[in-house]
Amino acid sequence: MSVLKRNTWKVISLLLIAIVGFAVFKIFFDQKPHNPKVFGPPEKTQWKPVGARAAGLHSYDVIPEPDTFSAIHVNVVNSDSVWGVAAPMFELDWVAEPAYFVGNGPLLDNKGNLYFSPQFYHGERVVLVSLDGQTGERRWVIPADDDIQASSPAFILNDPDNPGSQIIYIVGYNRVMALRPDGSTLWSQATGLSPLGSDLSDKAKIKFHSLNYHPATDSLVSITKAGALFAFSRKTGELIAAIGQIPGAPAISGKGTKIPTFILNKVDPLMDKAFGKTDEGLSLFSSAVNYIYGGGGVVTNFFSIDPDTSRIYMAATAADADDGTEDGRSELGAIYALDLIDDGNGGLEFQVLNRKTFQGGTGSTPALSADGHRLYVSDNEGHVIALDSELAEVWRVDVGEPLVGSITVAADNNELYAVTAKDVIQIIDKGDHGTRTWTAELTGFDGYANVDEQSNALTATVTANGVVIMIGGGKSLLGRTLMLHMGMGLLDRETGKLRYFAEGREDSLAMSVVAADGSIYVAHSPLRRAAGKAMYPELTADLTGGIARFKPIRLDLLVRDAICAAQARAANASTLDETTERAAINTDIRQIKVLLKQASSAIPKAVNDGDMTTEDATALGDLLKQSAVNLTPAKLDDAATKMAAACEMFD
């Protein structure tokens, strides 16, 4: 839930209010035939990287390579961009743990295991669940107890003392923990907060956002929704800095008419049946509405840390007086740049280095370019805003409607992806201005009898062979989509055309999670489809929670896309000046290795599925081995030639 900005709640609100005025919710049946569009094997994409990529200078000893989601927006800079390819063809495989409402995640470790923290649920109360990424079977759980009653979404780092191993971190109101992938506890420390009754009644004070990594101090940083800042030692979990505070005031959230009680009375029972009530005795849907129209938080989303400079960037509210009225609330948004510095007494403290306020506010996670030179954020008025590292505004682009998620930042070709309640929009950062290029083709539900309208439904994830998105389909009411169906799609980065699409099971407020093997995972958190179910109960399935996996099919095409993406990258990198673009070239080589590993792992599966001959597999394997030995700056031309021969085998 934390990754969905407040404007999405407004969209839900406006949607239901529109329904009230729609002739007492009369149901139309236009007698359309049900003849779904068939998506065949997608052709090769023509997209290629051009010029030097944005690249950082940090090592990957602690911070994982972005071959999958190790943080809720992939990595420490919140790029929503992975190095591998998504499966060009995929299908719904399984749904696991359906009793849990999951608003974030899941994350994956380097062995393909899944981790998620449920927020609402029937029955068993747990803090963290780990699943087998291939089967969906439960591996282990961390139960809720007196030490930790709930936690933030997980955060995963490499273990530098044990190369190849990783550590999973979680933080709750009174405890921070480090866990091995087998579920054993590495360390567990108190946060330093006392469970006072007054605090426990204020969810903004006890709700932590996920952890992030601060390289300069080797620490884990987190913040509460109320703006309290914490820094814990990565090695021991001890609090290493005085608890800081973002100087924002609680947001004035939600403007306009509240949702009528009789609408809540239709949706709440569905949510109660599926997930139970909150600890305060509210339905999940009513709880969300209360958050919109009641007191808002100071920080409503995750934050970024530049791994090169260790500078921390947070989107929050402005100070109380900044809006001209001292009333304990803020009507303005703000971006803060902070750092952990020496406090002069041998300790550390948080210091605000820069801040920028703006109208409209934001609930989006600020996303950094890979080199840390640009910061991107969306406001509640429909703007994508680019800032430099000192928070000076460089440009803004008006997309015409409020954005509902964080900006996706690709390392190549200065590409950005913005999402609204309707569209996925590509924007190119031209340096001193941004240019809107294409709006995505959202046609996954063409031919569905009960789908009149299709729209974007989730933050976009950039991969080496496209952009992974969720499409919602349903009834059109006064310009809004009442979601009845959802599915996952893969867009072409060059054109915005839909390369492939498969229907899924449930709505999500989380992210389009892509695994290292090309699988796609969806965390089920149905609020929008709950409204659809309430209004059109016979036209859509019952609500369900849990995690869904879309498994790759036609593994030969995954091999093709991975090899061809690697070849295009190697060919481009070979044209760069090693003296001036060393960071870009070295990062390209890292990504090429990820792509070749992905292809090599998929080849035996393609043969086993009957989608590739043994002879072709052998020939491809030989070419990939020859490519791998030439992955040095001086021999990239040779590597690209071998990869080109492998890519051409799929013509």
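Predicted model, so just to flag it, every value in this text is computed and none were measured.

What to know about the overall build of the protein chain
Piece 1. For the protein chain, the helix and strand inventory stands at 10 helices and 35 strands.
Piece 2. For the protein chain, long-range pairs separated by at least 24 residues make up 61% of all intrachain contacts whose partners lie at least 6 apart in sequence.
Piece 3. Counting every atom, the protein chain has about 23400 Å² of accessible surface; 49% of that belongs to carbon and sulfur.

Considerations on the state of the cysteines
Piece 1. Under the counting rule described, the total for this entry stands at 1 disulfide.
Piece 2. Here Cys 564 connects covalently by a disulfide to Cys 647, the sulfurs 2.0 Å from one another. Here Cys 564 and Cys 647 share a disulfide; its torsion about the S-S bond, 100°, makes the bridge right-handed. On the criterion of sequence distance, the pair formed by Cys 564 in helix H7 (residues 555-573) and Cys 647 in helix H10 (residues 636-648) is long-range, its members being 83 residues apart.
Piece 3. Since its relative accessible area comes to 14%, Cys 564 is described here as buried.
Piece 4. For Cys 647, a relative accessible area of 10% puts it in the buried group.

Considering the packing of aromatic side chains
Aromatic ring pairs are described here by two measures, namely the spacing of the ring centres and the angle between the planes.
Piece 1. Summed over the entire model, instances satisfying the criterion amount to 17 aromatic pairs.
Piece 2. Taking 6.2 Å as the distance between ring centres and 85° as the angle between the ring planes, the aromatic pair formed by Phe 90 and Phe 550 counts as edge-to-face. Placement of Phe 90 in strand S1 (residues 89-96) and of Phe 550 in strand S35 (residues 547-553) is noted, with a sequence separation of 460 residues between them. Exposure class is identical for Phe 90 and Phe 550. Each is buried.
Piece 3. An angle of 50° between the planes, with centres 6.3 Å apart, marks the rings of Tyr 376 and Trp 395 as tilted. Of this pair, Tyr 376 sits in strand S21 (residues 374-378) while Trp 395 sits in strand S23 (residues 393-398), and the two are 19 residues apart along the sequence.
Piece 4. Here Tyr 376 falls in the buried class, since its relative accessible area comes to 4%.

Observations concerning the layout of surface pockets
Piece 1. In this structure, the second largest pocket spans a volume of roughly 940 Å³.
Piece 2. Taken together, 38 residues line the second largest pocket, and the ones lying closest to its centre are Asp 67, Asn 110, Lys 111, Ala 516 and Lys 597.
Piece 3. A total of 6 residues in the lining of the second largest pocket trace back to one element, the largest contributor, which is helix H8 (residues 582-608).

Comments concerning the nonpolar core
Piece 1. Core analysis: the biggest nonpolar cluster contains 162 residues, and Phe 90, Leu 128, Phe 155, Tyr 169, Ile 246, Met 488 and Ile 547 have the highest contact counts within it.
Piece 2. Per-element accounting of this core gives the leading share, 11 residues, to H7.
Piece 3. Formed by 20 residues, the second largest nonpolar core is a distinct cluster that contains Phe 120, Leu 264, Val 267 and Leu 284.

Looking at the packing of H8 against helix H9 (residues 614-628)
Piece 1. Following both chains from N to C, one finds H8 and H9 inclined at 165°, their axes separated by 10 Å at the closest point. Viewed along their axes, H8 and H9 adopt a mutual orientation that is roughly antiparallel. You can see that H8 and H9 cross each other, and the crossing is left-handed. Note on element contacts: H9 touches H8 through Thr 614, Ala 617, Leu 620, Leu 624 and Ser 627, opposite Leu 596, Ala 599, Ser 600, Ile 603 and Val 607.
Piece 2. Here the residues of the contact of H8 with H9 sort into 7 nonpolar, 3 polar and no charged.

Re the confidence of the model for the protein chain
Piece 1. Here the protein chain shows a mean pLDDT of 90. Residues at 70 or above account for 89%.
Piece 2. For residues 1-5, every residue scores under 50 in pLDDT, and the model assigns this stretch 34 contacts once sequence neighbours within four places are set aside.
Piece 3. Here residues 20-29 is modelled with pLDDT under 50, and outside its nearest four sequence neighbours on either side it reaches 15 contacts, counting other chains as well.

What to know about the pattern of salt bridges
Piece 1. Counting across every chain of the model gives 30 salt bridges.
Piece 2. A salt bridge links Arg 396 to Glu 393; its shortest N-O distance comes to 2.8 Å.
Piece 3. For Asp 542, the salt bridge goes to Lys 533, with nearest N and O atoms at 3.2 Å.
Piece 4. A residue is classified by how much of its surface remains accessible, and Asp 542, at 49% relative accessible area, is partly exposed.

So, the side chain of Thr 544
Piece 1. As for its position among the elements, Thr 544 is in the loop between helix H6 (528-535) and S35.
Piece 2. Discounting residues that sit within four places of it in the chain, Thr 544 has contacts with Pro 98, Phe 275, Arg 505, Glu 506, His 524, Pro 526 and Arg 529.

Some remarks on the side chain of Asp 80
Piece 1. Within the secondary structure layout, Asp 80 lies in the loop between helix H1 (6-20) and S1.
Piece 2. A polar contact of 2.8 Å, which involves the side chain of Asp 80, links it to the side chain of His 73.
Piece 3. Excluding residues within four positions of it along the chain, Asp 80 makes contact with Phe 69, Ile 72, His 73, Val 74, Thr 408, Thr 459, Ala 460, Thr 461, Val 462 and Met 511.

A closer look at the sheet that holds strand S20 (residues 367-368)
Piece 1. Read from one edge to the other, the open sheet built from 4 strands follows the order S20-S21-S22-S23, with strand pairing classed as antiparallel. The outermost strands of the open sheet, each flanked by one partner alone, are S20 and S23.

Remarks on empty space enclosed by the protein
Piece 1. Taken as a whole and judged by the stated rule, the model has 6 cavities of 30 Å³ or more.
Piece 2. If you add up the space inside the largest cavity, you get close to 340 Å³.
Piece 3. Secondary-structure elements contributing two or more residues to the lining of the largest cavity are strand S29 (461-463) and H8.
Piece 4. Partitioning the lining of the largest cavity into residue classes produces 17 nonpolar, 9 polar and 4 charged.

Regarding H6
For the α-helix, the turn length of 3.6 residues means that residues three or four positions removed from each other point alike.
Piece 1. Extensive coverage of H6 is indicated by the burial of 8 of its 8 residues.
Piece 2. Listing the buried residues of H6 in full gives Arg 528, Arg 529, Ala 530, Ala 531, Gly 532, Lys 533, Ala 534 and Met 535.

So, the sheet that holds strand S17 (residues 312-317)
Piece 1. Spatially, the 4 strands line up as an open sheet ordered S16-S17-S18-S19, and their pairing is antiparallel. The open sheet has two edge strands, strand S16 (304-305) and strand S19 (348-359), and neither has a second partner.
Piece 2. Pairing analysis gives 6 bridges linking S17 to strand S18 (residues 332-342), with the strands arranged antiparallel. Across the sheet, the residue bridging to Ala 316 is Ala 334, located in S18.

Comments concerning the pairing of strand S11 (residues 185-190)
Piece 1. Where strand S10 (residues 175-179) and S11 come together, 5 bridges link them in antiparallel fashion. Along S11, the bridge assignment pairs Leu 179 with Thr 185.
Piece 2. The hairpin turn running from S10 into S11, its antiparallel successor, is 5 residues long, and Gly 183 in that turn takes a positive phi close to 95°.

A few points about the environment of Thr 185
Piece 1. Here Thr 185 lies in strand S11.
Piece 2. Taking the relative accessible area as the measure of exposure, Thr 185 reaches 47% and is therefore partly exposed.
Piece 3. Along the backbone, Thr 185 and Ile 168 are 17 residues apart, and their C-alpha atoms lie at a distance of 9.6 Å.

Definitions and cut-offs
Residues numbered from 1 in each chain as written. Predicted model: local features only at pLDDT ≥ 70, side-chain atom pairs only at ≥ 80, totals over all residues. Heavy atoms only, no water. Helix = DSSP H or I, 4+ residues; strand = E, 2+ residues; numbered from the N terminus. Contact = heavy atoms within 4.5 Å. Areas by Shrake-Rupley, 256 points an atom, 1.4 Å probe, with all protein chains shown as cover. Disulfide = S-S within 2.5 Å. Buried < 20%, exposed > 50% of the residue type's maximum accessible area, 1.4 Å probe, protein only. Phe/Tyr/Trp six-rings, centres within 6.5 Å; stacked < 30°, edge-to-face > 60°. 1 Å grid on protein atoms, 1.4 Å probe; cavity = no way out; pocket = protein on both sides within 12 Å on 5 of 7 lines; lining within 4 Å. Points joined across faces, edges and corners; volume = space filled by probe spheres on them. Core = buried A, V, L, I, M, F, W, Y, C linked by side-chain atoms within 4.5 Å. Axes fitted to C-alpha atoms, helices over the stretch in contact; angles between N-to-C directions. Parallel < 35°, antiparallel > 145°, perpendicular 65-115°, else oblique. Left-handed = near helix turned anticlockwise from the far one by under 90°. Nonpolar A, V, L, I, M, F, W, Y, C, P; charged D, E, K, R; others polar. pLDDT = per-residue confidence, 0-100. Salt bridge = Lys/Arg side-chain N within 4 Å of Asp/Glu carboxyl O. Polar contact = N/O pair within 3.5 Å; in protein donor to acceptor, adjacent residues only side chain to side chain. Pairing = 2+ DSSP bridges.

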